[in-house]
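Below are the chains, spelled out letter by letter.
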Amino acid sequence: MLEYSMLYPSNTPTRIAMRLDGMWKFHLDEEGCGSESGWAAGIPGSEMIPVPASFQDFYTDKETREFTGDAWYETGIVIPAAMKGERVFLRFGAATHRAEVFLNGRKVGEHEGGFLPFLVDITGTAAYGDMNRIVVKVNNELNETNIPCGRTITLRNGRKMTKPYFDFYNYSGLQRSVYLLSVPERSIFDVDLDYSICGNDAEIRYAVRTTGEGDVRIGLIDEGGVMVAEAKGKAGVIRLKDAHLWQVRNAYLYTMRITLSDGSAVVDSYDMEIGIRDVRISGKDILINGSPVYLKGFGKHEDSDIVGRGFNIGVMKRDFELMKWIGANSFRTSHYPYDEEIYRMADREGFLIIDEVPAVGLFESLVNFLDAGTGKGASSFFAKPTTPQLLKAHLKAVEEMIARDKNHPSVIAWSLLNEPESKDEHSLPYFTAVFEKARELDPQKRPRTFAMEVSSGPDTCRCYQLCDFLELNRYYGWYIKGGYEISDAEAAFREEMDRWKAKGLDKPFIFTEYGGDTLASEHKLPSVMWSQEYQDEVLEMQHRVFDSYDFVRGEQIWNFADFQTTEGLMRVDGNKKGVFTRQRQPKSVAYLLKKRWESLPLDYKG
Ligand code: GCB
């Protein structure tokens, strides 16, 4: 059980949530001496950097960009005297990949895992009505005991370097907002919600967890500001006549007002937007409110110029506008849970999210992630001395992700791993533990799945039966028989699909990755690989295959936009499989997708 509340930080009549974003002091610990040198009490130098942002792309020297080790951040805040008597926290949206937090020179908390929030209780350490110094040591090294997996090596010149087992740049730092948060001593800690829909009516089952006793009341307010239902007690059922359902690309959000009272005095009050909908899998159908949906959309990344993986509200807005323009209805948060603002926006815009835990790179690779697809990795990633620790970190990330995201109507499924080794005998117990954890923690029992690369095939994968629907990442026509061999690629693709079909699984399949790299600068007639013309041809072939199998119930192309990766022979300054450029302008394939997605009905094949 998490020791802190994962509720989104908002101001309410009883709570204060102050964003501490802005310019923070910053210092890279080149010598690895910060801790012994007392930087916890104040970091050296006068360098300033924006928070939130990745630190890598601001500077002009390569040593800073590629820095591996501890990056130290510092800021000063006056903690209002009015907060005394409340529970006071620092809340980090994410610190990649691990952090230690110090307040006025004293260590107040730490956290492992770079893509989920954590809180640090500073109630007893804060100087109220006075200046407080916050110092954060953020470490970006990769290993095999935390997710995502990779290695950290030391070059002959003594500098450290990360070798990710995954295909995105190891951006790091304080990449999401930091808050100073005060909540009452007795407060609302968590809420579980689950829905049943019956004709025009809905049933909302709720369970509120509090710290300390008190009377819990629930109010449900519609979009017009009218209180349409009320309930009393920590757990109960709200029956709503003529409920407005949250529908795909047609969202309706109620505000749920939760109060904790002592007699007539309200001790805590918290509002959150909820959407009434249910998600089920029935045979090959993915059902939202009982109606089949075909997923159209993207695997994405949080990635943009200059701020890297830092949350950028403008980029978020542009991305949603582009997804609406192209006729998409969904995305996967490949390969880690995104900033909370993105889920809130998806709730409003009616997008479906497959929420992915940062379990990527669980496939040892000799060069980097590319070997994963060739099956060259070690045969037992899940039987190493480090496996128990890895599993512990993985389960904790699942717990944090579900605690954070379970009440977003947009979140329809949990993707619990991306492209792991799923072929050896040791994978099954590991996967089973992860899948069971997700089932246990999710009040809505949403579908669970993991994304499979090509060597996890119908005859080799030992774990696909755990999935409520299958996610396939397939690059026929790109990594497999690209260019003039594309006709053989199609044949090989169909052979694989026929083998899946022969299994008679009666489950939906989603393509969570397909496509091919394309340089926005290249046109060639006739096509060659990397030209925009070839990207169109690959997609046409892949779509033709999807359309031939009725159990394919969704397509999320890789990737929404070009994104940064580690430099190497396979990547021309990043992965160029974007439908849009990194600057969010369309490649020609965007028009092909727009035409297709606008013409496919929502219940395609349903
Ligand atoms: C994959 C990975 C993704 C890569 C992609 C590619 O299978 O899941 O992270 O970026 O392939 O472009 O190779």
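Our subject is the structure that appears above.
Residues numbered from 1 in each chain as written. Predicted model: local features only at pLDDT ≥ 70, side-chain atom pairs only at ≥ 80, totals over all residues. Heavy atoms only, no water.

Caption draft 1: Spotlight on the packing of aromatic side chains. Per the stated rule, a full pass over the model turns up 41 aromatic pairs. Ring centres 6.3 Å apart and planes at 90° place the aromatic pair F493 and F546 in the edge-to-face group. Here F493 is found in helix α6 (residues 486-503), whereas its partner F546 is found in helix α7 (residues 532-547), with 53 residues between them in sequence. With relative accessibility at 1%, the residue F493 sits in the buried group. For F546, a relative accessible area of 1% puts it in the buried group. (Phe/Tyr/Trp six-rings, centres within 6.5 Å; stacked < 30°, edge-to-face > 60°. Helix = DSSP H or I, 4+ residues; strand = E, 2+ residues; numbered from the N terminus. Buried < 20%, exposed > 50% of the residue type's maximum accessible area, 1.4 Å probe, protein only.)

Caption draft 2: Main features of the pairing of strand β25 (residues 352-356). For β25, the tally of buried residues reaches five of five residues, placing the bulk of the element in the interior. With burial as the criterion, each face of β25 is covered, one bearing L352, I354 and E356 and the other bearing I353 and D355. One ladder, built from three bridges, connects strand β24 (residues 330-332) with β25; its direction is parallel. Within β25, the residue paired with S330 across the bridge is L352. Taken together, β24, helix α3 (residues 340-349) and β25 form a β-α-β motif whose crossover is right-handed. (Pairing = 2+ DSSP bridges. Right-handed = clockwise from strand over helix to strand, strands pointing away.)

Caption draft 3: Seen up close, the sheet that holds strand β8 (residues 118-121). If you trace the four strands from one edge of the open sheet to the other, you get β1-β12-β5-β8, paired in antiparallel fashion. Each edge of the sheet is formed by a strand with only one pairing partner; in this case those strands are β1 (16-19) and β8. The average undirected angle you get between the axes of adjacent strands in this sheet is 25°. Bridging between β1 and strand β12 (residues 178-183) involves four bridges; their strand directions are antiparallel. (Axes fitted to C-alpha atoms, helices over the stretch in contact; angles between N-to-C directions.)

Caption draft 4: Fine view of unusual backbone geometry. Residue P52 follows V51 across a cis peptide bond; omega there is 5°. Checked against the element boundaries, P52 lands in the loop between β3 (48-51) and α1 (62-65). Here the residue pair T96 and H97 is connected by a cis peptide bond, since its omega of 0° sits within 30 degrees of zero. Assignment of secondary structure puts H97 in the loop between β5 (87-92) and β6 (98-103). The backbone of R249 shows a phi angle near 55°, a positive value even though the residue is not glycine. Overall, the relative accessible area of 32% leaves R249 in the partly exposed class.

Caption draft 5: A look at the state of the cysteines. Applying the stated criterion across every chain yields a total of zero disulfides. Take C149: it sits in no disulfide, and the sulfur closest to it among the cysteines is that of C463, at 16 Å. For C149, a relative accessible area of 0% translates into the label buried. Here C467 is not cross-linked by a disulfide; its sulfur's nearest cysteine counterpart is in C461, at 7.2 Å. (Disulfide = S-S within 2.5 Å.)

Caption draft 6: Highlighting a nonpolar patch on the surface. Taken together, the side chains of Y479, L569 and M570 make up a nonpolar region of the molecular surface, amounting to roughly 360 Å² of accessible area. Within the fold, Y479 resides in the loop between β28 (470-473) and α6. What makes Y479 partly exposed here is its relative accessible area of 36%. (Patch = residues over 30% accessible without salt bridge, like charges linked within 9 Å, V, L, I, M, F, W, Y side chains within 5 Å. Areas by Shrake-Rupley, 256 points an atom, 1.4 Å probe, with all protein chains shown as cover. Salt bridge = Lys/Arg side-chain N within 4 Å of Asp/Glu carboxyl O.)

Caption draft 7: Spatial organisation of the sheet that holds strand β9 (residues 130-139). Taken in spatial order, the six strands line up as β3-β2-β4-β9-β6-β7 in an open sheet, and their pairing is antiparallel. In this open sheet, the two strands that pair with only one neighbour each are β3 and β7 (106-112). With direction set aside, neighbouring strand axes in the sheet form an average angle of 30°. For β6 and β9, the ladder comprises six bridges, and the chain directions are antiparallel.

Caption draft 8: The arrangement of the environment of L20 in detail. Relative to the helices and strands, L20 is located in the loop between β1 and β2 (22-28). On the basis of relative accessible area, L20 is assigned to the buried category, the value being 8%. Counting along the chain gives 32 residues from L20 to P52, while the straight-line C-alpha distance between them is 9.5 Å. The residues contacting L20, other than those within four sequence positions of it, are I77, L90, I134, V178, Y179 and L180. (Contact = heavy atoms within 4.5 Å.)

Caption draft 9: Main features of empty space enclosed by the protein. Under the criterion given, the structure shown has five cavities of 30 Å³ or more. Space inside the largest cavity adds up to approximately 170 Å³. For the largest cavity, the lining is made up of 19 residues, of which E302, V315, M316, D319 and I342 are closest to its centre. When residues of the lining of the largest cavity are assigned to their parent elements, the largest contribution, five residues, is made by helix α2 (residues 313-326). A class-by-class count of the residues in the lining of the largest cavity yields eight nonpolar, five polar and six charged. Here the second largest cavity is characterised by a volume of approximately 110 Å³. Every residue along the wall of the second largest cavity is listed here: Q56, R65, E66, F67, T68, N140, M161, T162, P164, Y169, N170 and T566. The biggest single contributor to the lining of the second largest cavity is strand β11 (residues 160-164), with three residues. Of the residues assigned to the lining of the second largest cavity, the class counts are four nonpolar, six polar and two charged. (1 Å grid on protein atoms, 1.4 Å probe; cavity = no way out; pocket = protein on both sides within 12 Å on 5 of 7 lines; lining within 4 Å. Points joined across faces, edges and corners; volume = space filled by probe spheres on them. Nonpolar A, V, L, I, M, F, W, Y, C, P; charged D, E, K, R; others polar.)

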